[in-house]
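Results of the structural survey
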Amino acid sequence: MFAVHLLAFYFTKLKEDQIKKVDRFLYHMRLSDETLLDIMARFQAEMQKGLGKDTNPTASVKMLPTFVRAIPDGSENGEFLSLDLGGSKFRVLKVQVSEEGKRNVQMESQFYPTPNEIIRGNGTELFEYVADCLADFMKTKELTQKKLPLGLTFSFPCKQTKLEEGILLSWTKKFKARGVLGTDVVSSLTNAMKRHQQDLDVDILALVNDTVGTMMTCAYDDPYCEVGVIIGTGTNACYMEDMSNIDLVEGDEGRMCINTEWGAFGDDGALEDIRTEFDRELDLGSLNPGKQLFEKMISGLYLGELVRLILLKMAKAGLLFGGEKSSALHIKGKIETRHVAAMERYKEGLANTREILTDLGLEPSDADCIAVQHVCTIVSFRSANLCAAALAAILTRLRENKKLMRLRTTVGMDGTLYKIHPQYPKRLHKVVRKLVPNCDVRFLLSESGSTKGAAMVTAVASRVQAQRKQIDKVLALFRLTQEQLVGVRNKMRVEFEYGLKKDTHPLATVKMLPTYVCGMPDGTEKGKFLALDLGGTNFRVLLVKIRSGRRSVRMYNKIFAIPLEIMQGTGEELFDHIVQCIADFLDYMGLKGAQLPLGFTFSFPCRQASIDKGTLIEWTKGFKATDCEGEDVVDMLREAIKRRNEFDLDIVAVVNDTVGTMMTCGYEDSNCEVGLIAGTGSNMCYMEEMRNIELVEGDEGKMCINTEWGGFGDNGCLDDIQTQYDKEVDEGSLNPGKQRYEKMTSGMYLGEIVRQILIDLTKQGLLFRGQISERLRTRGIFETKFLSQIESDRLALLQVRRILQQLGLDSTCEDSIVVKEVCGAVSRRAAQLYGAGLAAIVEKRREDQGLEHMRITVGVDGTLYKLHPHFSRILRETVKELAPQCDVMFMLSEDGSGKGAALITAVAKRLQQAQREH
């Protein structure tokens, strides 16, 4: 018993001594946590450098865009071919991707050798060999009659400007074919396939790096996967980067997979402080000295060689094998990575070590075996540490891109070293988790990543292509040609004439209502005026003080809500509520006894017989109060004031908010003759020559016409540009068949059009994984303010996703891009339709005045014009194109409905005064 203990003690002591000896000798290969964090920071800086346009040319980590923009969403299906070139064997596969929504992949494959004379010979011959193998595979599998999409896995650094091309930057591993550097490998393969035209009907859709293939394969099984890492013969990593961070590619929308080519990290000297004499010696003896220095410290192609160089040096120093060296130990490549893995096995490692060393012609003692085993451990542990540091940098970048405190993600893993080495995965995972404690990382081993992955990329590419076609078909309905816009302008012009003429007016859809506002402010207006503003869900009362000469206006106002039950109750209740609000305001301002002139902004279609008479034609904007249509709203207001019997007011003018907008701007700019509202509703007014207005007596001077152009198209003249979505919005509205133009252009309806399109795209399986949420089924949920937010250029897709989440829509990055495009198409069309209508009026004014060229100002108000990021620009551009002889200025109105009403009242008072004196 004592002998056994003694032996165990002797062996433990021996092991400790040998380990200490090796540790001292390889002191520089042990990396502390501090050093690893430092390497992680260096790699982060290198990534940043590789992504920048100006810094990329000198960056050692190339950060190549792959043009893979989407990961699988599970709806992929079909048959695909896949080629895998870049490892020790070349492989052709047929991949069948799931049917009927079942996620499964079936593969049939064939390996072909890659003889040295082919991979180091002439480039043309290399590609001809690949084409021959592919043709052979197609014949064997009886696929020659099918047209199949193909994905090519090409595991060498390539520069891509699209998914289906790749310019070879450099050969790595053992490949060295001549005449291929700097050329497109996809064209080379396509040309080589031409020799087999009868047998090969193949479309190369994607060129993929094996690392990207690994990520895609794992992403098919786990949608959280957004990183791919290979630790095999070579080493590399890829991950999904935000487009806004990739300077090398146009566009900021969405994400794209970046192939880091991290094997070249340190080629600029960034890792000199941690490279050892053995790394330098190995590099000098390699095929590409000075290149791929990170890879040479990590990958399977080099680990065995590092171990050999260390053993040789230790033997020379008399630290191993009693100073003896065998001739085999001097031969490069004699120790391979598979040997390193065998020597580190948990139980049989020492026996394996003895066997391997004996095969090398050495006579190792027990102590030698322990020492050699520890050398292997240090070399492979360093490899795992370095990999972990670079991977931790990528994970940190992902977390920061998403602005998260904690990141949950999956890393797809592949490569022989990772797969066959007994301790490697465990060490790598442990160190990664230590370096990035705020990331919850799952490591997923890829099955045949490089090849299945190429098929996955191809499947995703063909899915995206097919979806793109369907989405474009929908968006095309909203793209108006120049010809269509000219048509809209001309039809609007015809409708204007109908509305102005006595005979055609009753049937006209654009009502062209006279407002009896006959003058613009001249600066002499002065006094105190009250203004009421009713036109939406809020009601305002204002006191406006106008001082002449200095053109200064001071306003005091109070806002009151109008409850839904009053909006849709009786007319009497509505006007009693309004008078109650006026009373509150007069109390609040201490004006109970004063009899002030009042302007009433009433933003609904009215027929006026004079400036202080307005008969409501019909309610719009959700109002439904009974016994009002066909009545004079000024009388109804006077009646309500009488019923209250507390104060009296001089109601001078009933005003439309569009006219108020024109007046407010006219006070600042005498060129202003048009008012435009682009907000909840849509309308326009302008100053017309009296001689053209057949509905009003007299030919002298001008009068403002309130066009009420929202009804344009109610006679079917816009049917050719109406889409099914417009029809759905119309049918679901409070007033079907009415206000067609308004429903295609105004803020009240744009969000609803978008919602209808999103439902349709989701039904077609093109959005939100085909799932329509309850919220999306709710009418009016998609407010127009969301359009403005989503289309804002400053808004990253992450924020678009947040807005969609508020609507109960769980969107992917791709979904967010589509939603943004839909919003853009709908609001662009609205702005162009506005522009066409406006062009009609300014052209009419120019012709009426017999001018070759005309300058005119348009006063504008409304949330759509003010808040939408692109609306105003597109509107201006359209007017310029459709009315080139008019120089149109746009002026934002300040409070047209409040200040404007007071100014109209002031002008009316001034004109009344002048008439009296006359």
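Because the structure is a prediction, the values reported are computed rather than measured.

1. What to know about the overall build of the chain
- Secondary structure assignment for the chain yields 29 helices and 26 strands.
- Here the chain has a C-alpha radius of gyration of 39 Å; the compact-globule value for 918 residues is 29 Å, and the former is much larger.
- By its C-alpha atoms, the chain is 130 × 70 × 50 Å across when sized along the principal axes.
- The contacts of the chain with a sequence gap of at least 6 include a subset with a gap of at least 24, amounting to 71%.
- Roughly 38600 Å² of accessible area belongs to the chain as shown, and the carbon and sulfur atoms make up 50% of that amount.

2. Some words on the domain arrangement of the chain
- Looking at the assigned domains, one finds that the chain contains domain 1 (1-58 + 270-336 + 346-400 + 421-436) and domain 2 (64-240 + 447-469).
- On a C-alpha basis, the centres of domain 1 and domain 2 stand 33 Å from each other.
- Contacts between the two partners involve 17 residues from domain 1, matched on the other side by 16 residues from domain 2.
- In total, domain 1 and domain 2 occlude about 1300 Å² of area from one another, counting both sides; carbon and sulfur atoms represent 73% of this.
- Sorting the residues of domain 1 by area buried against domain 2 places Leu287, Leu301 and Leu398 first, and these three jointly supply 38% of that buried surface.
- Between the two partners, domain 1 and domain 2, sit 0 salt bridges.
- At the surface where domain 1 touches domain 2, the tally comes to 4 residue pairs in polar contact (both at pLDDT 80 or more).
- Considering every element that reaches the side of domain 1 that touches domain 2, the biggest residue donor is helix α12 (residues 366-401), with 6 residues.

3. Brief notes about the packing of aromatic side chains
- Inspection of every chain in the model, using the stated rule, returns 24 aromatic pairs.
- When the ring of Trp619 is compared with that of Phe623, the centres are 5.3 Å apart and the planes differ by 25°; the resulting orientation is stacked.
- Pairing Phe712 with Tyr741 gives two aromatic rings, centres 5.3 Å apart and planes at 70°, and the pair type is edge-to-face. Taken as a pair, Phe712 in the loop between β24 (702-706) and α21 (724-731) and Tyr741 in helix α22 (residues 740-745) lie far apart in primary sequence, 29 residues in all.
- We classify Tyr741 as buried; its relative accessible area is 0%.
- What links up through ring pairs into an aromatic cluster is the set Phe600, Phe602, Phe604, Trp619 and Phe623.
- The ring of Tyr224 carries the charged tip of Arg408 above its face, separated from the ring centre by 3.8 Å.

4. Notes on the nonpolar core
- If you look at the biggest cluster of nonpolar residues, it comprises 114 residues, and the most contacted ones within it are Ile231 and Trp262.
- Here this core gets 18 residues from one element, more than from any other, and that element is α12.
- Three or more residues apiece are contributed to this core by two domains, here domain 1 (1-58 + 270-336 + 346-400 + 421-436) and domain 2 (64-240 + 447-469).
- Once residues within four sequence positions are removed from consideration, Ile231 is found in contact with Ile298, Cys387, Met413, Asp414, Gly415, Thr416, Leu417, Tyr418, Tyr424 and Leu428.

5. Remarks on the packing of helix α26 (residues 813-848) against helix α28 (residues 871-882)
- Two numbers describe how α26 lies on α28: the axes approach to 8 Å, and their chain directions differ by 40°. It follows from the interaxial angle that α26 and α28 lie oblique. Relative to α28, the crossing made by α26 is right-handed. Mapping the contact onto sequence places Ser827, Arg828, Ala830, Ala831, Gln832, Tyr834, Gly835, Ala836, Leu838, Ala839 and Glu843 in α26 and Phe871, Ile874, Leu875, Thr878, Val879 and Leu882 in α28.

6. A closer look at the environment of Gly266
- With respect to the helices, strands and loops of the structure, Gly266 is situated in the loop between β11 (255-259) and α7 (277-284).
- In this structure the C-alpha to C-alpha distance between Gly266 and Lys291, which are 25 residues apart in sequence, comes to 8.7 Å.
- Contact partners of Gly266, with chain neighbours within four places excluded, come to Ser60, Leu271 and Leu293.

7. Comments concerning the sheet that holds β11
- One open sheet accounts for 6 strands, arranged β1-β11-β10-β9-β12-β13; its pairing is mixed. Two strands bound the open sheet, and with one partner strand each, they are β1 (64-65) and β13 (439-445).
- Each of β9 (225-231), β10 (235-242), β11, β12 (407-414) and β13 touches helix α6 (residues 210-221); the most contacted strand, β9, lies at about 135° to it.
- Along the sheet, helix α14 (residues 424-435) contacts β9, β12 and β13; its crossing angle with β13, the most-contacted strand, is approximately 160°.

8. What to know about the state of the cysteines
- Tallied over the entire structure, the rule returns 0 disulfides.
- Residue Cys376 stays outside any disulfide, its sulfur separated by 11 Å from that of Cys369, the closest cysteine.
- Here Cys376 falls in the buried class, since its relative accessible area comes to 0%.

9. Observations regarding the pattern of salt bridges
- Under the criterion given, the structure shown has 58 salt bridges.
- Of the charged contacts in the structure, one is a salt bridge between Lys296 and Asp283, with a shortest N-O distance of 2.7 Å. Placement of Lys296 in helix α8 (residues 293-298) and of Asp283 in helix α7 is noted, with a sequence separation of 13 residues between them. Here the two residues Lys296 and Asp283 agree in accessibility, since each one is buried.
- Close ionic contact of Lys743 with Asp730 constitutes a salt bridge, the shortest N to O distance being 2.7 Å. A residue pair is termed long-range when its members are at least 10 positions apart, and Lys743 in helix α22 and Asp730 in helix α21 qualify at 13 residues.

10. A short note on the environment of Glu281
- With respect to the secondary-structure elements, Glu281 resides in helix α7.
- Note on Glu281: relative accessible area 43%, which makes it partly exposed.

11. Regarding the sheet that holds strand β15 (residues 527-534)
- Here 5 strands make up an open sheet; going across it, the order is β17-β16-β15-β18-β21 and the pairing mixed. The open sheet is flanked by β17 (552-561) and β21 (650-655), the only strands paired with a single partner. With strand direction ignored, the average angle separating the axes of adjacent strands in the sheet is 20°.
- Judged from the 5 bridges that link them, strand β18 (residues 597-602) and β21 form a sheet pairing that is parallel. The residue bridging Phe600 from the neighbouring strand is Val654, located in β21.
- Those strands touched by helix α18 (residues 571-589) are β15, β16 (538-547), β17 and β18, and its axis lies near 130° from that of β17.
- Relative to the sheet, helix α20 (residues 657-668) contacts β16, β17, β18 and β21, its axis offset from that of β21 by approximately 100°.

Definitions and limits used
Residues numbered from 1 in each chain as written. Predicted model: local features only at pLDDT ≥ 70, side-chain atom pairs only at ≥ 80, totals over all residues. Heavy atoms only, no water. Helix = DSSP H or I, 4+ residues; strand = E, 2+ residues; numbered from the N terminus. Rg over C-alpha atoms; globule rule 2.2 N^0.38 Å. Contact = heavy atoms within 4.5 Å. Areas by Shrake-Rupley, 256 points an atom, 1.4 Å probe, with all protein chains shown as cover. Domains from an automatic or database assignment. Buried area = accessible area lost by both parts, 1.4 Å probe. Salt bridge = Lys/Arg side-chain N within 4 Å of Asp/Glu carboxyl O. Polar contact = N/O pair within 3.5 Å; in protein donor to acceptor, adjacent residues only side chain to side chain. Phe/Tyr/Trp six-rings, centres within 6.5 Å; stacked < 30°, edge-to-face > 60°. Buried < 20%, exposed > 50% of the residue type's maximum accessible area, 1.4 Å probe, protein only. Lys NZ or Arg CZ within 6 Å of the ring centre and 35° of its normal. Core = buried A, V, L, I, M, F, W, Y, C linked by side-chain atoms within 4.5 Å. Axes fitted to C-alpha atoms, helices over the stretch in contact; angles between N-to-C directions. Parallel < 35°, antiparallel > 145°, perpendicular 65-115°, else oblique. Left-handed = near helix turned anticlockwise from the far one by under 90°. Pairing = 2+ DSSP bridges. Disulfide = S-S within 2.5 Å.

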